[in-house]
Amino acid sequence: METDLRLESSLWVGNKRHRAVLTGWYFNWTDVDKKKTISVPVAEVVGVEEGQVQVLPQKTVVEKDKDFTVFYVKRSSTGGSSGLLWRLGQTQFSCPSRVLRDQWIKQLRTAVKTHSPLRPSKLLVFINPYGGKKRGRQIYSSLVAPLFELAGISSNVIVTERANQARDHLLKKDLTDLDGVVCVGGDGMFSELLHGLIDRTQQEAGLCVNDPAVALQPCPLHIGIIPAGSTDCVCYTTVGVIDPVTSALHIVLGDSQPLDVCSVHHASVLVRYSVSLVGYGFYGDVLAESEKHRWMGPLRYDYSGTMVYLSNRSYQGVVEYLPADPLLSSPRDKTRCLSGCTLCSRSTERLFPNSSDSGSLYSANFSSFSNDSEGEWVRVEGSFRCVSLTCMSSSCPKSPLGLSPSAHLADGTGDLVLVWDTHPLGFLKFLHRHTSTQDQFDLPFVEVHRVKAIRFSLPSGKEEEAHEAVVGQKGGPDEEVYTDTGSWSGSQQRLSDRGPGQETRSHQKTVSPFLCGLCCSKSPSVSVWNCDGEILPFTEILCRVHCQLVHLYARGIEDGAAAQNSNEDDTRCERRCILHK
Ligand SMILES: Nc1ncnc2c1ncn2[C@@H]1O[C@H](COP(=O)(O)OP(=O)(O)OP(=O)(O)O)[C@@H](O)[C@H]1O
Ligand SMILES: CCCCCCCCCCCCC/C=C/[C@@H](O)[C@H](CO)NC(C)=O
Ligand SMILES: [Ca+2]
């Protein structure tokens with residue numbers, strides 16, 4: 001295969017003669033005078049066009065029959081991004097003859113197809129016009145659509161008119177011929193796609209999602225995220241930067257990153273799925289508070305974080321967890337889950353033993369939860385500032401290493417962080433360490449465990465308060481319950497189903513019960529769960545991690561050395577070399 005694709009000739013870039021070589025994996029061109037080489041992995045070529053072509057800000061083509069233009073990924077180190085920020089690079093080549101030009105175009109296009117089999121050709125795109133700073137539409141049309149067009153991707157675009165429209169579309173409409181679905185928005189929009197795709201897949205497989213022991217089927221469609229939300233935690237954790245162009249380029253290349261997903265059940269009913277945070281106490285309270293201040297935009301989290309911190313609350317609870325195999329990894333082993341992570345690759349091998357890549361999503365080696373060499377559940381009871389479960393590091397610009405810096409994207413485990421009640425300054429220290437490289441687990445009131453599942457319950461006598469706590473919250477228990485067929489049912493409209501500006505509630509309902517400590521005499525002793533930015537309508541839950549249930553158009557975070565490759569001087573991309581082996 002490699003020899004068939006090899007091509008070598010002289011080409012001109014401007015008025016400089018270059019020696020250009022296409023080997024199987026790389027396209028290199030060397031300035032023959034300066035001996036300077038630019039090397040682009042074929043898998044990172046975005047497109048090859050006839051003539052002298054410009055794409056941004058608008059497409060212009062100068063027809064020259066001996067010329068062609070190659071577009072490729074160029075790593076930028078702007079703003080300390082260590083090369084994780086990607087831009088569209090382009091070089092215009094002139095050939096001695098038209099025949100040679102056509103040969104170059106054909107060979108390059110064939111090489112691209114051969115070396116990146118997961119490139120999408122048809123995508124469904126959902127834009128949330130109200131996410132984050134409300135720039136979703138503009139971001140898509142000016143930064144993303146031109147790249148999709150250049151890469152020959154046909155996309156059907158839906159600008160949402162209500163919450164859960166994307167989820168409902170994925171549950172009910174025809175998805176044939178699609179390679180992937182893309183959201184332009186934040187973590188909430190991503191969550192809609194996640195729920196729609198997972199449940200559609202289980203429906204088609206005839207699986208009952210309400211059974212927490214069932215081995216869920218991985219989704220065949222990839223998910224792409226164009227970040228345009230408030231936190232964009234899933235994007236940041238899987239790409240390393242929040243940048244629409246970088247994310248669009250990962251989609252175009254067909255990068256594939258498997259992701260663990262946690263299912264959350266209450267009383268044998270599926271409540272939600274999560275990839276980043278299932279958090280009780282502080283993170284639940286911050287979310288409950290922030291929902292009242294949506295008008296503040298992304299700043300609502302800073303404001304609410306301060307208010308909740310000042311309210312100084314802790315909560316009684318019983319936490320049970322099923323530890324993961326401590327011989328495989330530990331949340332305190334100081335490793336980072338980077339692109340090509342060995343631990344996650346081993347999980348892929350275990351799940352897809354007969355597949356050379358993770359593209360064959362239907363051949364997973366399922367094992368049911370109950371047979372999953374369960375091990376011993378561990379039980380702890382006490383008073384907690386917060387209880388958090390995260391299937392990945394959950395990093396974001398505020399916390400660049402995340403809630404659990406050594407957590408893995410696709411190892412089939414989550415990290416359970418228990419922060420026991422402590423004095424306010426101790427808790428502030430814990431929170432503050434999330435913003436630096438200091439170890440937030442190296443504190444006497446903090447525990448972290450790598451787990452496969454957790455259960456949370458209230459000490460006896462607290463259940464009634466739990467019921468009161470969730471009534472009046474978004475998604476209270478009388479509202480929506482997940483049905484067996486993977487659809488939502490409920491008597492009231494969910495807050496998130498309402499249009500922007502429709503969130504107003506009476507004082508009684510808008511003042512979160514958890515913040516009563518600030519204005520009322522009675523402090524409630526029950527919090528709510530924050531599940532990837534949605535409040536859960538139940539307090540007692542069972543969470544189970546499903547290994548690699550979905551795939552994103554991403555590749556995880558490239559390490560500094562590899563990422564700093566700016567295509568020059570033949571510095572090879574580490575990740576691609578791992579793939580070569
Ligand atoms: N047209 C719409 N009108 C109102 N709400 C919508 C619409 N489309 C999507 N939504 C809902 O808006 C919620 C928030 O959207 P999104 O995640 O895009 O932005 P965000 O909340 O600003 O960001 P983040 O989730 O990162 O904090 C989502 O849960 C989604 O269900
Ligand atoms: C005194 C300084 C205090 C700083 C505290 C920083 C703590 C930052 C931790 C951020 C964790 C973000 C986890 C992500 C959760 C998302 O799933 C969710 C949806 O977007 N976001 C939130 C804010 O709930
Ligand atoms: Ca994980």
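In this text, all values refer to a predicted model and were calculated from it rather than measured experimentally.

### Concerning the overall build of the protein
Alright, step 1. On a plain count of helices and strands, the protein comes out with 16 helices and 25 strands.
Alright, step 2. When burial is assessed residue by residue, the protein has 59% of its 581 residues classed as buried.
Alright, step 3. Sequence-distant contacts, at least 24 apart, represent 74% of the contacts inside the protein between residues at least 6 apart.
Alright, step 4. Total accessible area on the protein is roughly 23,700 Å²; 51% of this is exposed by carbon and sulfur atoms.

### Quick word on helix α8 (residues 282-290)
Alright, step 1. Among the nine residues that make up α8, nine are buried, leaving the element largely enclosed by the rest of the structure.
Alright, step 2. Every buried residue belonging to α8 is among F282, Y283, G284, D285, V286, L287, A288, E289 and S290, and all of these are buried.

### A word on the site of ligand 2
Alright, step 1. Among the 16 residues in the neighbourhood of ligand 2, the closest are listed as D187, T231, S276, N530 and D532.
Alright, step 2. A distance of 2.7 Å is found between an oxygen atom of ligand 2 and a side-chain nitrogen or oxygen belonging to D187.
Alright, step 3. The side chain of T231 places a nitrogen or oxygen atom 3.4 Å from an oxygen atom of ligand 2.
Alright, step 4. Both of domain 2 (118-254) and domain 3 (261-355 + 377-491 + 511-547) provide at least three residues apiece to the shell around ligand 2.

### A short note on the UniProt feature "domain: DAGKc" (unreviewed entry) in the protein
Alright, step 1. As annotated by UniProt and renumbered to match this structure, "domain: DAGKc" (unreviewed entry) occupies residues 118-268.
Alright, step 2. For residues 118-268, helix accounts for 39% and strand for 23%, while the C-alpha atoms at its two ends are 37 Å apart.

### Some points on the coordination of the calcium ion (ligand 3)
Alright, step 1. Donor atoms from the polypeptide that bind the calcium ion (ligand 3) are D260 (OD), C391 (O), H408 (O), D411 (OD) and T413 (O), placed at 2.3 to 2.5 Å.
Alright, step 2. On the primary sequence, the residues serving as donors to the calcium ion (ligand 3) are separated as D-x130-C-x16-H-x2-D-x1-T. Here D411 lies in the loop between β18 (378-390) and β19 (414-420) and D260 lies in strand β14 (residues 257-266), a separation of 151 residues in the sequence. Per residue, the accessibility class of D260 equals that of D411, and both read buried.

### A closer look at the pattern of salt bridges
Alright, step 1. For the structure on display, the rule yields 23 salt bridges.
Alright, step 2. Among the salt bridges present, the one from R6 reaches E8, with a minimum N-O distance of 3.0 Å.
Alright, step 3. Overall, the relative accessible area of 38% leaves E8 in the partly exposed class.
Alright, step 4. Between R75 and E44 there is a salt bridge whose closest N-O contact spans 2.9 Å. Within this pair, whereas R75 is found in strand β8 (residues 67-76), its partner E44 is found in the loop between β4 (36-41) and β5 (45-50), the two being separated by 31 residues in sequence.

### Some words on the nonpolar core
Alright, step 1. Ranked by internal contacts, the top residues of the largest apolar core, which has 46 residues, are V181, F190 and L259.
Alright, step 2. Residue contacts for L259: discarding those within four places in its chain leaves F190, V234, T238, V275, M392, L409, A410, Q548, L549, V550 and L552.
Alright, step 3. Of all hydrophobic cores here, the second largest spans 28 residues; its members include V144, V184, V252 and L253.

### Considering the packing of aromatic side chains
Here a ring pair, both rings aromatic, is described through the centre-centre distance and the interplanar angle of the planes.
Alright, step 1. Following the criterion strictly, the structure yields 16 aromatic pairs and no others.
Alright, step 2. When the ring of F27 is compared with that of W104, the centres are 5.5 Å apart and the planes differ by 55°; the resulting orientation is tilted. Placement of F27 in strand β3 (residues 26-31) and of W104 in helix α2 (residues 98-115) is noted, with a sequence separation of 77 residues between them. The same class applies to F27 and to W104, which are both buried.
Alright, step 3. Between the aromatic rings of F384 and W420, the centroid separation amounts to 4.5 Å while the plane-to-plane angle is 40°, which identifies the pairing as tilted. In this pair, F384 sits in strand β18 while W420 sits in strand β19, placing the two residues 36 residues apart along the sequence.
Alright, step 4. Three or more aromatic residues joined by ring pairs make a cluster, and in this case those are F27, W29, F68, Y72, F93 and W104.
Alright, step 5. Directly above the ring of W377 sits R455, whose terminal nitrogen or CZ lies 4.0 Å from the centroid.

### Regarding the site of ligand 1
Alright, step 1. Neighbouring ligand 1 are 25 residues; G132, T160, G186, E192 and S230 lie closest to it.
Alright, step 2. Within the contact set of ligand 1, an oxygen atom lies 3.1 Å away from a backbone nitrogen or oxygen of M189.
Alright, step 3. At 2.4 Å from an oxygen atom of ligand 1 is found a side-chain nitrogen or oxygen belonging to E192.
Alright, step 4. Compared with its free state, where it exposes 630 Å², ligand 1 has 92% of that area covered by protein.
Alright, step 5. Secondary structure elements with two or more residues in the shell around ligand 1: α5 (187-205) and α9 (300-311).
Alright, step 6. The leading source of residues in the shell around ligand 1 is α5, at four residues.
Alright, step 7. For the shell around ligand 1, the residue count by class is five nonpolar, eleven polar and nine charged.
Alright, step 8. Looking at which domains feed residues into the shell around ligand 1, each of domain 2 (118-254) and domain 3 (261-355 + 377-491 + 511-547) gives three or more.

### Structural notes on the pairing of strand β13 (residues 222-227)
Alright, step 1. With respect to burial, β13 is a largely interior element, six of its six residues being buried.
Alright, step 2. Residues H222, G224 and I226 of β13 are buried on one face, and the alternating residues I223, I225 and P227, pointing to the opposite face, are buried as well.
Alright, step 3. Of the strand pairs in this sheet, β13 and strand β25 (residues 541-552) are connected by two bridges, and their pairing is parallel. Among the inter-strand pairings, H222 is bridged to a residue of β25, identified as H551.

Definitions and limits used
- What you see as residue numbers is a count from 1 along each chain, following the sequence as written.
- Lettering of chains starts at A and numbering of ligands starts at 1, both following the order in which they are written.
- Where local features are concerned, this predicted model is filtered to residues with pLDDT of at least 70; where side-chain atom pairs are given and counted, the filter is 80 or more; whole-chain, interface and lining totals use all residues.
- Excluding hydrogens and water, the side-chain figures rest on all heavy atoms present in the structure.
- Here a helix means four or more residues in a row that DSSP labels H or I, a strand means two or more in a row labelled E, and each is numbered from the N terminus.
- Each residue's exposure class comes from its accessible area (1.4 Å probe, protein chains only) as a fraction of the maximum for that residue type: buried when under 20%, exposed when over 50%, partly exposed otherwise.
- We call two residues contacting when some pair of their heavy atoms lies within 4.5 Å.
- For the accessible areas, the method is Shrake-Rupley and the probe is 1.4 Å, while residue cover comes only from the protein chains on display.
- Nearness here has a simple test: a residue counts as near a molecule or strand if at least one of its heavy atoms is within 4 Å of that partner.
- Polar contacts here mean pairs of N or O atoms no more than 3.5 Å apart (in protein, one a potential hydrogen donor and the other a potential acceptor; neighbouring residues in sequence count only if both atoms are side-chain atoms).
- Where a domain begins and ends is set by an automatic assignment or by a domain database.
- UniProt positions are given in the numbering used here, feature names are shortened, and annotations may be inferred rather than shown by experiment.
- Coordinating donors are taken as N, O and S atoms within 2.8 Å of the metal, stretched to 3.2 Å for Na, K and Ca; because water is absent from the atoms, sites can appear incomplete.
- Throughout this description, the term salt bridge denotes a Lys or Arg side-chain nitrogen within 4 Å of a carboxyl oxygen of Asp or Glu.
- By nonpolar core we mean a set of buried residues, namely Ala, Val, Leu, Ile, Met, Phe, Trp, Tyr and Cys, connected to one another through side-chain atoms within 4.5 Å.
- What counts as a ring pair is set by centres within 6.5 Å for rings of Phe, Tyr and Trp (its six-membered ring), and what kind of pair is set by the plane angle: stacked under 30 degrees, edge-to-face over 60, tilted for all other angles.
- We call a charge positioned above a ring when the Lys NZ or Arg CZ atom is no farther than 6 Å from the ring centre and deviates by at most 35 degrees from the ring normal.
- Under the convention adopted here, Pro, Cys and the residues Ala, Val, Leu, Ile, Met, Phe, Trp and Tyr are nonpolar, Asp, Glu, Lys and Arg are charged, and Gly plus all remaining residues are polar.
- Two strands form a pair only when DSSP identifies at least two bridges running between them.

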